[in-house]
Each structure stands twice: as C-alpha cells, then as structure tokens.
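Chain by chain, the residues:
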Amino acid sequence: MAVLALSACGHAPPADGIQDPYEAQNRAVHRFNLALDKGLVRPVAKTATTILPDPVEQGVMNFSANLDLPGVVVNDVLQGKLANAAENAARFAINTTIGIGGLFDPAKAAGSPGTTTDFGETLHVWGVAEGNYIELPFLGPSNDRDTVGTVVDYLLDPLKLVIPANNHISLYAKVGSKLAERGRYSETVDSILYDSADSYAQARLLYLQHRRYNLGEAPPEDSFEDPYAQ
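Residues numbered from 1 in each chain as written. Predicted model: local features only at pLDDT ≥ 70, side-chain atom pairs only at ≥ 80, totals over all residues. Heavy atoms only, no water.

Engineer: Any chance you could explain the overall build of the protein chain here in plain terms?
Structural biologist: Within the protein chain, the secondary structure is distributed over 11 helices and 2 strands. Burial analysis of the protein chain (230 residues in total) assigns 37% to the buried set. The long-range share in the protein chain, meaning contacts at least 24 apart out of those at least 6 apart in sequence, stands at 70%. Total accessible area computed for the protein chain in this model is approximately 12,900 Å², and 65% of it derives from carbon and sulfur atoms. (Helix = DSSP H or I, 4+ residues; strand = E, 2+ residues; numbered from the N terminus. Buried < 20%, exposed > 50% of the residue type's maximum accessible area, 1.4 Å probe, protein only. Contact = heavy atoms within 4.5 Å. Areas by Shrake-Rupley, 256 points an atom, 1.4 Å probe, with all protein chains shown as cover.)

Now the structure itself:
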C-alpha cells in the first residue's frame, strides 16, 4: 500500500532545457574523465575487444546485468510495476541456474528480454525533478536525481546483504562490462569525445536526451534516435 501511495504521487514534470549551474566544475571533471579515457580506458577496452572473442565479452556483460537484476526487481516494486518485477525475478532465477550464474541469457532466448530500471527512475516516478546536470568522476554524465539514485542503488543492492563478497564481484563485473561496451561502441564514443568541437556540450546533450527519452519525458512530437541502441 505504501508503494502504491508513493507511486500515486505522479511522475515528475517533464524536464526542459539544460540546467548546468556547475558548468565550470563539470568541465574540469570532464577533462579528468577525458584524460582517463584516453590514457587508460580506451586502450584497455580496444585491446580486450581485439583479444577476447565476442562470446566472452557478451558473457561478461550478461553476468554483470544478471547481478543487477535483484536491484531492478526492488525498483520495479517501488515503482508499482509488479508485472515487471515478476518477469525480472524469473529472469534472475533462470539465468542464474540454467544460464550458469548469468553468463548466458536463456530467459531472453525463451522470449523474456526483461526491462531495466534504477532508483533514479524510481525517484522520477515518485515525482522528484531532474535537478541540475552533473558530471561525476569516473562515472560521467548524471544529474541531481540520478546521482542520488546511483548511491541508493549501490547501498541497497539486495545481493550485498545476502552475499557480502558480492560487493567486490559486482564491482569487477561492472568494470569488465563497461570496458566491453567501450570497446564495442568505440566508434560512437570516440566521435562524441574526440571528434566534437565541444565534447562536454555534446556528451551533456546526448545524456539528457537519452535519459529523458527513456523516462518518457521527451515530448511525443520529438523524434529521437538512440545512439547507443544495439
């Protein structure tokens, strides 16, 4: 009943424009992230993509996504999306067992691709506004609402409560997954970070468009092509 009451508060009003009062600080963080990507992340990701077969990379991404599913289920419940919660719970059970710990995704092959969400979206459903744009060290573009969501998702991960060692497993899996994604979408990411006249403004715009579109905040008349769609 409490979940339904919170969900009844209504979604946050659609965000509009760019609220970036911390632009000077954000640009400094962006320069740090850019240097980190250029000096470490991009070369490691490209090397890994060259050496590792595609099925191995996909297995790493599947494993990381599977570890996230219990948290996704919690957020589904908090948003009142009980059908999504049931589907994602079933996906976790199937992929953890038949899928050998989540390395494979037999649930998707069986017609259950699932959905993804996070506490940032939960706050959106509860009516919390987007807030200001923020670029976080290591993590990249975000906003006030999603920054809080990231912290809550990390602290309230159900698997951490059941398996304390999962704290490190999740971190390693997430890093491996991000490196695999960076290698796979190298051309797209490079075009944003290194081929743009202002990579900060370009990354900010794409993040806000992508996030708002996924949350249903983009006006219906706007056409949006997801640059990260597989």
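Engineer: Can you help me understand the packing of aromatic side chains in this one?
Structural biologist: The way to describe two aromatic rings as a pair is by their centre distance and the angle between their planes. By the definition in use, this model includes 4 aromatic pairs. Taken together, a centroid distance of 5.8 Å and an interplanar angle of 85° make the contact between Phe-119 and Trp-126 edge-to-face. Feature note: the residues Tyr-133, Tyr-200 and Tyr-207 constitute an aromatic cluster, connected by ring pairs. For Arg-42, the ring lying beneath its charged end belongs to Tyr-194, and the centroid distance is 4.4 Å. (Phe/Tyr/Trp six-rings, centres within 6.5 Å; stacked < 30°, edge-to-face > 60°. Lys NZ or Arg CZ within 6 Å of the ring centre and 35° of its normal.)

Engineer: Looking at this structure, I do not really get the pattern of salt bridges. What am I missing?
Structural biologist: A side chain with one charge can pair with a side chain of the opposite charge if their charged atoms come near. Under the criterion given, the structure shown has 16 salt bridges. Note that Arg-27 is salt-bridged to Glu-23, the shortest N-O span being 2.9 Å. Of this pair, Arg-27 and Glu-23 both sit in helix α2 (residues 23-51), 4 residues apart, which is roughly one turn of the helix. Using a relative accessible area of 25% as the deciding quantity, one classes Arg-27 as partly exposed. (Salt bridge = Lys/Arg side-chain N within 4 Å of Asp/Glu carboxyl O.)

Engineer: I keep staring at the nonpolar core and nothing clicks. Help me out?
Structural biologist: Generally speaking, a soluble globular protein has its nonpolar side chains buried in company with each other. Counting residues in hydrophobic clusters, the biggest one holds 5 residues: Val-189, Ile-192, Leu-193, Ala-203 and Leu-206. Of all the secondary structure elements, the ones that give two or more residues to this core are α10 (186-193) and α11 (199-214). The greatest single-element share of this core, amounting to 3 residues, is contributed by α10. Not counting the four nearest positions on each side in its chain, Leu-193 is found in contact with His-30, Leu-34, Asp-37 and Ser-199. (Core = buried A, V, L, I, M, F, W, Y, C linked by side-chain atoms within 4.5 Å.)

Engineer: Where do I start with the pairing of strand β1 (residues 133-136) in this structure?
Structural biologist: Burial along β1 is two-sided: the residues Tyr-133 and Glu-135 and Ile-134 and Leu-136 are all buried. Pairing of β1 with strand β2 (residues 140-143) involves 4 bridges; the strand directions are antiparallel. Bridge pairing in β2 places Leu-136 opposite Gly-140. Where β1 folds back onto β2 in an antiparallel hairpin, the turn is made up of 3 residues, including Phe-138, whose phi is positive at roughly 70°. (Pairing = 2+ DSSP bridges.)

Engineer: Help me understand the side chain of Asp-190, please; the structure alone is not making it clear to me.
Structural biologist: Following the sequence through the fold, Asp-190 ends up in helix α10. At 2.7 Å, the side chain of Asp-190 forms a polar contact with the side chain of Arg-182. (Polar contact = N/O pair within 3.5 Å; in protein donor to acceptor, adjacent residues only side chain to side chain.)

Engineer: When you look at the packing of α2 against α11 in this model, what are you seeing that I'm missing?
Structural biologist: Between two packed helices, both the angle of their axes relative to each other and the distance between the axes serve to describe the pair. Two numbers describe how α2 lies on α11: the axes approach to 10 Å, and their chain directions differ by 100°. Here α2 is positioned roughly perpendicular relative to α11, judged by the angle of their axes. Contact residues: Glu-23, Asn-26, Arg-27, His-30 and Leu-34 in α2; Ser-199, Tyr-200, Ala-203 and Arg-204 in α11. Tallied by class, the residues present in the contact of α2 with α11 amount to 3 nonpolar, 3 polar and 3 charged. (Axes fitted to C-alpha atoms, helices over the stretch in contact; angles between N-to-C directions. Parallel < 35°, antiparallel > 145°, perpendicular 65-115°, else oblique. Nonpolar A, V, L, I, M, F, W, Y, C, P; charged D, E, K, R; others polar.)

Engineer: Where do I start with α11 in this structure?
Structural biologist: Think of an α-helix as turning once every 3.6 residues; residues three or four places apart then point the same way. Taking 1.5 Å per residue, 16 residues should reach 22 Å; α11 reaches 22 Å between its end C-alpha atoms and fits that length. Buried residues of α11: Ser-199, Tyr-200, Ala-203, Arg-204, Leu-206, Tyr-207, Leu-208, His-210, Arg-211 and Arg-212, and no others. Where α11 is buried, its residues touch α2, α6 (119-125), β1, β2, α7 (144-155) and α10. (Expected span 1.5 Å × (residues − 1).)

Engineer: Sorry if this is basic, but what is going on with unusual backbone geometry here?
Structural biologist: Among all residues except glycine, the phi angle is most often negative; among peptide bonds, the trans geometry is most common. A positive phi angle, close to 55°, is found at Ile-100, a residue other than glycine. For Ile-100, a relative accessible area of 53% gives the class exposed. Phi at Phe-138 is positive, roughly 70°, even though this residue is not glycine. Tracing the sequence through the fold places Phe-138 in the loop between β1 and β2. Residue class for Phe-138 comes out exposed when judged on its relative accessible area of 63%.

What is shown is where atoms sit, not what they do.
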